[in-house]
Amino acid sequence: MHIGRFKYNRSTFYGLVEGDTVRELNNDIYHEFSTGSKEYQLKNLIILPPSHPAKVVLVGLNYRDHAKELNFSIPEEPVIFIKPSTTVIGPGEPILYPDISRQVEYEAELAFLIKKECYRVKQENAGEYILGYTCLNDVTARDIQKKDGQWTRAKGFDTFCPVGPFIYIPAKDFDPHNLRIRAILNRETRQDSNTNNLIFNINYLVQFISSVMRLFPGDIISTGTPAGVGPMQPGDEITVEIEKVGKLVNPVVKAGK
Ligand code: MG
(Lines give C-alpha, C1' and ligand atoms only; values in the text may rest on other atoms or scores of the structure.)
Protein backbone atom coordinates (compact mmCIF):
# COMPACT_ATOMS: atom_id res chain seq x y z
CA MET A 1 0.00 0.00 0.00
CA HIS A 2 1.04 3.58 -0.67
CA ILE A 3 0.62 6.40 1.83
CA GLY A 4 1.09 10.01 0.83
CA ARG A 5 1.28 13.33 2.58
CA PHE A 6 -1.08 15.86 1.06
CA LYS A 7 -2.27 19.41 1.18
CA TYR A 8 -5.84 20.47 0.47
CA ASN A 9 -6.78 24.10 1.00
CA ARG A 10 -4.99 24.84 4.26
CA SER A 11 -4.97 21.38 5.78
CA THR A 12 -2.12 18.89 5.61
CA PHE A 13 -2.77 15.19 6.13
CA TYR A 14 -1.65 11.66 5.36
CA GLY A 15 -3.81 9.54 3.09
CA LEU A 16 -4.02 6.06 1.62
CA VAL A 17 -3.62 6.18 -2.15
CA GLU A 18 -5.95 3.86 -4.06
CA GLY A 19 -5.64 4.60 -7.77
CA ASP A 20 -7.02 8.10 -8.32
CA THR A 21 -8.57 8.28 -4.87
CA VAL A 22 -7.03 9.25 -1.53
CA ARG A 23 -8.61 8.32 1.79
CA GLU A 24 -7.54 10.46 4.71
CA LEU A 25 -5.91 8.67 7.65
CA ASN A 26 -7.30 9.14 11.14
CA ASN A 27 -3.92 9.37 12.75
CA ASP A 28 -0.28 9.82 11.90
CA ILE A 29 1.71 7.18 10.08
CA TYR A 30 4.09 6.40 12.93
CA HIS A 31 1.44 4.58 14.96
CA GLU A 32 -1.30 2.13 14.03
CA PHE A 33 -3.31 3.96 11.42
CA SER A 34 -6.73 3.52 9.89
CA THR A 35 -8.61 5.34 7.17
CA GLY A 36 -11.44 7.74 7.94
CA SER A 37 -14.46 8.64 5.87
CA LYS A 38 -12.94 11.64 4.05
CA GLU A 39 -12.12 10.90 0.44
CA TYR A 40 -10.43 13.06 -2.20
CA GLN A 41 -9.54 12.86 -5.85
CA LEU A 42 -5.75 12.64 -6.11
CA LYS A 43 -5.73 15.29 -8.87
CA ASN A 44 -7.24 17.86 -6.48
CA LEU A 45 -4.46 17.47 -3.91
CA ILE A 46 -0.96 18.86 -3.67
CA ILE A 47 1.44 15.98 -2.98
CA LEU A 48 3.94 16.95 -0.28
CA PRO A 49 7.25 15.22 0.51
CA PRO A 50 6.48 12.12 2.63
CA SER A 51 7.84 13.61 5.88
CA HIS A 52 9.53 16.56 7.54
CA PRO A 53 12.80 14.79 8.29
CA ALA A 54 15.09 16.03 11.05
CA LYS A 55 17.83 14.77 8.73
CA VAL A 56 18.38 12.93 5.48
CA VAL A 57 21.28 10.48 5.72
CA LEU A 58 22.71 9.20 2.44
CA VAL A 59 25.25 6.57 1.48
CA GLY A 60 28.08 7.60 -0.83
CA LEU A 61 29.09 4.56 -2.82
CA ASN A 62 26.82 1.56 -2.42
CA TYR A 63 26.28 -0.09 -5.83
CA ARG A 64 28.72 -2.57 -7.33
CA ASP A 65 27.99 -1.32 -10.86
CA HIS A 66 28.60 2.31 -9.85
CA ALA A 67 31.90 1.45 -8.09
CA LYS A 68 32.99 -0.42 -11.22
CA GLU A 69 32.03 2.47 -13.50
CA LEU A 70 34.13 4.84 -11.37
CA ASN A 71 37.01 2.33 -11.15
CA PHE A 72 36.72 2.41 -7.37
CA SER A 73 37.29 -0.64 -5.25
CA ILE A 74 34.38 -1.94 -3.15
CA PRO A 75 34.42 0.09 0.10
CA GLU A 76 34.94 -1.73 3.40
CA GLU A 77 32.32 0.30 5.18
CA PRO A 78 29.66 2.79 4.05
CA VAL A 79 30.55 6.44 3.56
CA ILE A 80 27.66 8.49 4.89
CA PHE A 81 26.73 12.14 4.59
CA ILE A 82 23.77 14.38 5.36
CA LYS A 83 21.57 16.67 3.34
CA PRO A 84 19.84 19.43 5.31
CA SER A 85 16.04 19.20 5.57
CA THR A 86 15.85 22.38 3.47
CA THR A 87 16.88 20.35 0.39
CA VAL A 88 13.72 18.23 0.53
CA ILE A 89 11.00 18.82 -2.08
CA GLY A 90 8.04 16.78 -3.23
CA PRO A 91 7.06 15.38 -6.62
CA GLY A 92 6.57 17.97 -9.36
CA GLU A 93 8.44 20.68 -7.48
CA PRO A 94 11.28 22.25 -9.45
CA ILE A 95 14.93 21.42 -8.81
CA LEU A 96 16.59 24.83 -8.86
CA TYR A 97 19.80 24.84 -10.92
CA PRO A 98 22.21 27.17 -9.10
CA ASP A 99 24.07 29.65 -11.30
CA ILE A 100 27.42 28.86 -9.63
CA SER A 101 27.39 25.29 -11.00
CA ARG A 102 27.94 24.04 -14.54
CA GLN A 103 27.34 20.37 -13.76
CA VAL A 104 24.22 19.44 -11.80
CA GLU A 105 23.59 15.67 -11.86
CA TYR A 106 20.78 13.26 -10.97
CA GLU A 107 21.29 10.19 -8.76
CA ALA A 108 18.34 7.76 -8.59
CA GLU A 109 18.14 6.14 -5.15
CA LEU A 110 15.93 3.87 -3.06
CA ALA A 111 15.24 5.58 0.28
CA PHE A 112 13.37 4.57 3.40
CA LEU A 113 11.71 6.34 6.29
CA ILE A 114 12.35 5.69 9.95
CA LYS A 115 9.26 4.64 11.94
CA LYS A 116 10.34 5.21 15.54
CA GLU A 117 13.14 6.78 17.49
CA CYS A 118 16.17 4.54 17.66
CA TYR A 119 19.83 4.43 18.53
CA ARG A 120 22.34 1.58 18.23
CA VAL A 121 19.96 -0.80 16.50
CA LYS A 122 21.17 -4.31 15.74
CA GLN A 123 20.72 -5.24 12.10
CA GLU A 124 18.50 -8.22 12.91
CA ASN A 125 16.02 -5.79 14.54
CA ALA A 126 16.23 -3.11 11.83
CA GLY A 127 12.87 -3.99 10.27
CA GLU A 128 11.01 -2.72 13.36
CA TYR A 129 12.32 0.77 12.68
CA ILE A 130 11.55 1.01 8.97
CA LEU A 131 8.22 2.55 8.07
CA GLY A 132 8.39 2.20 4.30
CA TYR A 133 10.22 2.95 1.08
CA THR A 134 10.28 5.80 -1.39
CA CYS A 135 12.18 7.24 -4.35
CA LEU A 136 14.85 9.88 -3.84
CA ASN A 137 16.98 11.93 -6.20
CA ASP A 138 20.35 12.81 -4.64
CA VAL A 139 20.90 15.89 -6.82
CA THR A 140 24.57 16.86 -6.82
CA ALA A 141 26.56 19.78 -8.21
CA ARG A 142 29.42 17.54 -9.38
CA ASP A 143 31.84 20.36 -10.20
CA ILE A 144 31.43 21.82 -6.71
CA GLN A 145 31.75 18.37 -5.13
CA LYS A 146 35.14 17.96 -6.85
CA LYS A 147 36.27 21.50 -6.02
CA ASP A 148 35.30 21.41 -2.33
CA GLY A 149 36.36 17.87 -1.44
CA GLN A 150 33.63 18.06 1.20
CA TRP A 151 30.13 17.33 -0.09
CA THR A 152 27.94 19.61 2.00
CA ARG A 153 27.71 22.47 -0.48
CA ALA A 154 27.51 20.30 -3.62
CA LYS A 155 24.62 18.26 -2.25
CA GLY A 156 23.08 20.85 0.04
CA PHE A 157 21.46 23.43 -2.23
CA ASP A 158 17.77 24.01 -1.50
CA THR A 159 15.62 21.68 -3.68
CA PHE A 160 18.48 19.14 -4.16
CA CYS A 161 16.54 16.31 -2.52
CA PRO A 162 13.31 15.39 -4.31
CA VAL A 163 11.54 12.60 -2.38
CA GLY A 164 8.35 10.67 -3.07
CA PRO A 165 5.80 10.59 -4.46
CA PHE A 166 4.47 8.29 -1.72
CA ILE A 167 5.67 5.92 1.01
CA TYR A 168 5.38 2.29 0.01
CA ILE A 169 4.44 0.32 3.15
CA PRO A 170 5.95 -3.08 2.43
CA ALA A 171 3.80 -6.15 1.96
CA LYS A 172 5.02 -9.28 3.79
CA ASP A 173 6.73 -10.72 0.71
CA PHE A 174 8.43 -7.45 -0.30
CA ASP A 175 12.16 -7.71 -0.92
CA PRO A 176 13.87 -4.29 -1.06
CA HIS A 177 17.00 -5.97 -2.40
CA ASN A 178 15.49 -7.04 -5.71
CA LEU A 179 13.94 -3.98 -7.35
CA ARG A 180 14.56 -2.43 -10.74
CA ILE A 181 15.71 1.17 -10.30
CA ARG A 182 15.89 3.71 -13.11
CA ALA A 183 16.62 7.36 -13.81
CA ILE A 184 14.91 8.69 -16.92
CA LEU A 185 16.04 12.07 -18.26
CA ASN A 186 13.24 13.48 -20.38
CA ARG A 187 12.37 10.24 -22.21
CA GLU A 188 15.78 8.64 -22.17
CA THR A 189 16.71 5.97 -19.63
CA ARG A 190 20.07 6.94 -18.10
CA GLN A 191 20.32 4.64 -15.08
CA ASP A 192 18.90 1.12 -15.15
CA SER A 193 19.99 -1.21 -12.41
CA ASN A 194 18.64 -3.37 -9.61
CA THR A 195 18.91 -3.01 -5.85
CA ASN A 196 20.46 -6.48 -5.83
CA ASN A 197 23.66 -4.59 -6.71
CA LEU A 198 23.71 -2.89 -3.29
CA ILE A 199 27.00 -3.40 -1.46
CA PHE A 200 25.62 -2.74 2.05
CA ASN A 201 22.09 -3.97 2.66
CA ILE A 202 19.35 -1.95 4.28
CA ASN A 203 19.39 -3.65 7.68
CA TYR A 204 23.14 -3.15 7.92
CA LEU A 205 22.74 0.53 7.01
CA VAL A 206 20.27 0.99 9.89
CA GLN A 207 22.78 -0.59 12.27
CA PHE A 208 25.72 1.40 10.88
CA ILE A 209 24.01 4.80 10.83
CA SER A 210 22.23 4.38 14.17
CA SER A 211 25.56 3.46 15.78
CA VAL A 212 26.59 7.05 15.02
CA MET A 213 23.42 9.09 15.45
CA ARG A 214 19.96 8.83 16.95
CA LEU A 215 17.25 8.48 14.32
CA PHE A 216 13.78 9.97 14.62
CA PRO A 217 10.41 9.15 13.06
CA GLY A 218 10.34 10.60 9.55
CA ASP A 219 14.11 10.68 9.12
CA ILE A 220 15.04 9.55 5.64
CA ILE A 221 17.90 7.21 4.75
CA SER A 222 18.97 6.88 1.12
CA THR A 223 20.86 3.83 -0.05
CA GLY A 224 23.10 5.17 -2.83
CA THR A 225 22.93 5.32 -6.61
CA PRO A 226 23.75 2.79 -9.35
CA ALA A 227 25.83 3.31 -12.51
CA GLY A 228 24.91 5.94 -15.09
CA VAL A 229 24.80 9.25 -13.21
CA GLY A 230 24.95 12.26 -15.48
CA PRO A 231 24.12 15.92 -15.99
CA MET A 232 20.76 17.68 -16.24
CA GLN A 233 19.99 21.10 -17.71
CA PRO A 234 17.32 23.69 -16.97
CA GLY A 235 14.25 22.68 -18.98
CA ASP A 236 14.83 18.95 -18.40
CA GLU A 237 12.50 16.62 -16.55
CA ILE A 238 14.03 13.91 -14.39
CA THR A 239 12.25 10.75 -13.26
CA VAL A 240 13.35 8.26 -10.62
CA GLU A 241 11.35 5.07 -10.99
CA ILE A 242 11.60 2.08 -8.66
CA GLU A 243 9.64 -1.11 -9.15
CA LYS A 244 6.70 -1.38 -6.70
CA VAL A 245 7.86 1.74 -4.83
CA GLY A 246 6.93 4.56 -7.20
CA LYS A 247 7.80 7.14 -9.80
CA LEU A 248 9.15 10.54 -8.80
CA VAL A 249 9.16 13.28 -11.46
CA ASN A 250 10.68 16.76 -11.11
CA PRO A 251 11.43 19.54 -13.57
CA VAL A 252 14.79 21.32 -13.56
CA VAL A 253 14.59 25.10 -13.54
CA LYS A 254 17.23 27.81 -13.50
CA ALA A 255 17.40 29.38 -10.02
CA GLY A 256 16.30 32.99 -9.87
CA LYS A 257 18.74 35.70 -8.80
MG1 MG B 1 23.96 9.57 -3.92
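Structure: above.
Since the model is a prediction, treat every value here as computed from it, not as a measurement.

Cut-offs used in this document
- Residues numbered from 1 in each chain as written.
- Predicted model: local features only at pLDDT ≥ 70, side-chain atom pairs only at ≥ 80, totals over all residues.
- Heavy atoms only, no water.
- Core = buried A, V, L, I, M, F, W, Y, C linked by side-chain atoms within 4.5 Å.
- Buried < 20%, exposed > 50% of the residue type's maximum accessible area, 1.4 Å probe, protein only.
- Contact = heavy atoms within 4.5 Å.
- 1 Å grid on protein atoms, 1.4 Å probe; cavity = no way out; pocket = protein on both sides within 12 Å on 5 of 7 lines; lining within 4 Å.
- Points joined across faces, edges and corners; volume = space filled by probe spheres on them.
- Helix = DSSP H or I, 4+ residues; strand = E, 2+ residues; numbered from the N terminus.
- Nonpolar A, V, L, I, M, F, W, Y, C, P; charged D, E, K, R; others polar.
- Pairing = 2+ DSSP bridges.
- Axes fitted to C-alpha atoms, helices over the stretch in contact; angles between N-to-C directions.

1. Structural notes on the nonpolar core
Grouped together as the largest cluster of nonpolar side chains are 49 residues, with contacts concentrated most on Met232 and Val245. Residue contacts for Val245: discarding those within four places in its chain leaves His2, Leu110, Tyr133, Thr134, Cys135, Tyr168, Phe174 and Leu179. Among the nonpolar cores identified, the runner-up in size contains 19 residues, and Val56, Leu58, Ala111 and Cys161 belong to it.

2. Some words on the layout of surface pockets
It is the rolling of a water-molecule-sized probe over the atoms that shows where space remains empty. Looking at the largest pocket, its volume works out to about 360 Å³. Lining the largest pocket are 22 residues, and of these His66, Leu70, Phe72, Arg142 and Gln145 lie nearest its centre. Going through the elements one at a time, helix 1 (64–69) and helix 2 (142–148) are the ones with two or more residues in the lining of the largest pocket. Element by element, the count of residues in the lining of the largest pocket is highest for helix 2, at 3 residues. A per-class count over the lining of the largest pocket returns 9 nonpolar, 5 polar and 8 charged.

3. Remarks on the sheet that holds strand 9 (residues 95–97)
If you trace the 5 strands from one edge of the open sheet to the other, you get 9-20-19-15-16, paired in mixed fashion. Two strands lie at the open edges of the sheet, namely strand 9 and strand 16 (188–194), each paired on one side alone. In this sheet, adjacent strand axes meet at a mean angle of 20° when their direction is disregarded.

4. Structural notes on the sheet that holds strand 13 (residues 140–141)
The 3 strands are arranged 13-10-18 in an open sheet whose pairing can be described as antiparallel. Each of the sheet's edge strands pairs with one partner strand only, and the pair in question is strand 13 and strand 18 (230–232). Pairing between strand 10 (residues 104–106) and strand 18: 3 bridges, direction antiparallel. Residue pairing across strands places Tyr106 opposite Gly230, the latter belonging to strand 18.

By themselves, these figures tell us nothing about what the structure is for.
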